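# Fold and geometry: a report
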Amino acid sequence: MLRRLMPCRPAASHAPAGFRRASTLLTACAGLGLLAACSSGDRSDNGLTAPRNHLLAEDRGASGGDAELKGGVNAYLWRATLDTLSFLPVSTADAEGGIILTDWYTPPAAHDERFKVTAFILDKRLRSDALRLSVFRQIKQGEEWVDTPPAPNTASDIAARILSRARKLRADNGNRDS
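Report follows, based on the coordinates. What you are looking at is a predicted structure, and each value in this text was computed from that prediction instead of being measured.

Moving on: the side chain of Gln-138. As for its placement among the helices and strands, Gln-138 is situated in strand 4 (residues 131-141). At 2.6 Å, the side chain of Gln-138 and the side chain of Arg-114 are in polar contact. The residues contacting Gln-138, other than those within four sequence positions of it, are Trp-104, Asp-112, Glu-113, Arg-114, Trp-145, Val-146, Asp-147 and Thr-148.

What follows is the structure, encoded as structure tokens:
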């Protein structure tokens with residue numbers, strides 16, 4: 001047997017109207033008090049709470065002991081990396097972070113393979129371990145590009161050229177690090 005659903009009405013409150021208004025007012029005041037307690041930070045002259053950045057307060061930098069954040073990389077390595085990779089189309093270059101990302105490059109002699117290089121400069125000093133390169137290679141099979149490993153010495157050969165260029169740039173500058 002089907003039962004017909006009737007719209008329901010809210011139940012009438014048995015509390016007097018004055019009591020309901022007082023409890024609503026009390027609830028609103030309690031809510032405002034809780035909100036005020038949440039903003040207990042230091043206030044500036046204009047009355048706004050000063051922002052606190054907990055991440056920067058905890059960061060000790062790459063060296064682990066410096067109290068302030070430091071950025072930048074070795075200028076000779078940076079310039080030498082850009083010079084050496086200048087035949088590749090640069091997709092992204094960030095001097096503060098020391099990252100150079102290239103886009104895919106197809107050599108003129110080989111239309112069925114392409115290369116991409118990612119360079120990381122990790123230090124402000126001119127050192128061989130301050131440079132990390134990743135070389136990516138793809139070959140075309142049919143209509144698709146397939147990842148294949150580059151020759152084992154490709155990254156080290158490019159790194160050697162970059163380091164050689166960086167040393168020359170430094171020598172041309174009177175062996176100064178600034």
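Resuming the write-up.
This part is about the packing of aromatic side chains. A full pass over the atoms with the stated rule returns 1 aromatic pair. Between the aromatic rings of Phe-87 and Tyr-105, the centroid separation amounts to 5.4 Å while the plane-to-plane angle is 80°, which identifies the pairing as edge-to-face. With Phe-87 in the loop between helix 3 (75-84) and strand 1 (90-94) and Tyr-105 in the loop between strand 2 (99-102) and strand 3 (113-121), this pair connects stretches of sequence that are 18 residues apart. On the basis of relative accessible area, Tyr-105 is assigned to the partly exposed category, the value being 22%. Seen from the ring of Trp-104, Arg-114 lies directly overhead, with NZ or CZ sitting 4.6 Å from the centre.

Attention now goes to the pattern of salt bridges. In the structure shown here, the tally under the stated rule is 6 salt bridges. Two residues, Arg-79 and Asp-83, come together in a salt bridge whose shortest N-O distance is 3.2 Å. In this pair, Arg-79 and Asp-83 are both assigned in helix 3, 4 residues apart and thus about one turn of the helix distant. Across the salt bridge formed by Arg-137 and Glu-113, the nearest N and O atoms sit 2.8 Å from each other.

Our focus in this paragraph is the nonpolar core. Judged by nonpolar contacts, the single largest core of 22 residues is most densely connected at Leu-77, Leu-131, Leu-133 and Ile-162. Contributions of two or more residues to this core are made by helix 3, strand 3, strand 4 and helix 4 (154-172). In terms of residue count, the dominant contributor to this core is helix 4 (6 residues).

As a further point, take the sheet that holds strand 5 (residues 144-148). Two modes of strand pairing occur in sheets, parallel and antiparallel, and in both the strands are linked by backbone hydrogen bonds. On the basis of which strands lie adjacent, the open sheet formed by 5 strands has the order 1-2-3-4-5 and antiparallel pairing. The strands lining the two open edges of the sheet, one partner per strand, are strand 1 and strand 5. Ignoring which end each strand starts from, the neighbouring axes of this sheet average 15° apart. Inspection of the sheet shows strand 3 paired to strand 4 by 9 bridges, in the antiparallel sense. Among the inter-strand pairings, Ile-121 is bridged to a residue of strand 4, identified as Leu-131.

Reading the values: the criteria
- Residues numbered from 1 in each chain as written.
- Predicted model: local features only at pLDDT ≥ 70, side-chain atom pairs only at ≥ 80, totals over all residues.
- Heavy atoms only, no water.
- Helix = DSSP H or I, 4+ residues; strand = E, 2+ residues; numbered from the N terminus.
- Polar contact = N/O pair within 3.5 Å; in protein donor to acceptor, adjacent residues only side chain to side chain.
- Contact = heavy atoms within 4.5 Å.
- Phe/Tyr/Trp six-rings, centres within 6.5 Å; stacked < 30°, edge-to-face > 60°.
- Buried < 20%, exposed > 50% of the residue type's maximum accessible area, 1.4 Å probe, protein only.
- Lys NZ or Arg CZ within 6 Å of the ring centre and 35° of its normal.
- Salt bridge = Lys/Arg side-chain N within 4 Å of Asp/Glu carboxyl O.
- Core = buried A, V, L, I, M, F, W, Y, C linked by side-chain atoms within 4.5 Å.
- Pairing = 2+ DSSP bridges.
- Axes fitted to C-alpha atoms, helices over the stretch in contact; angles between N-to-C directions.

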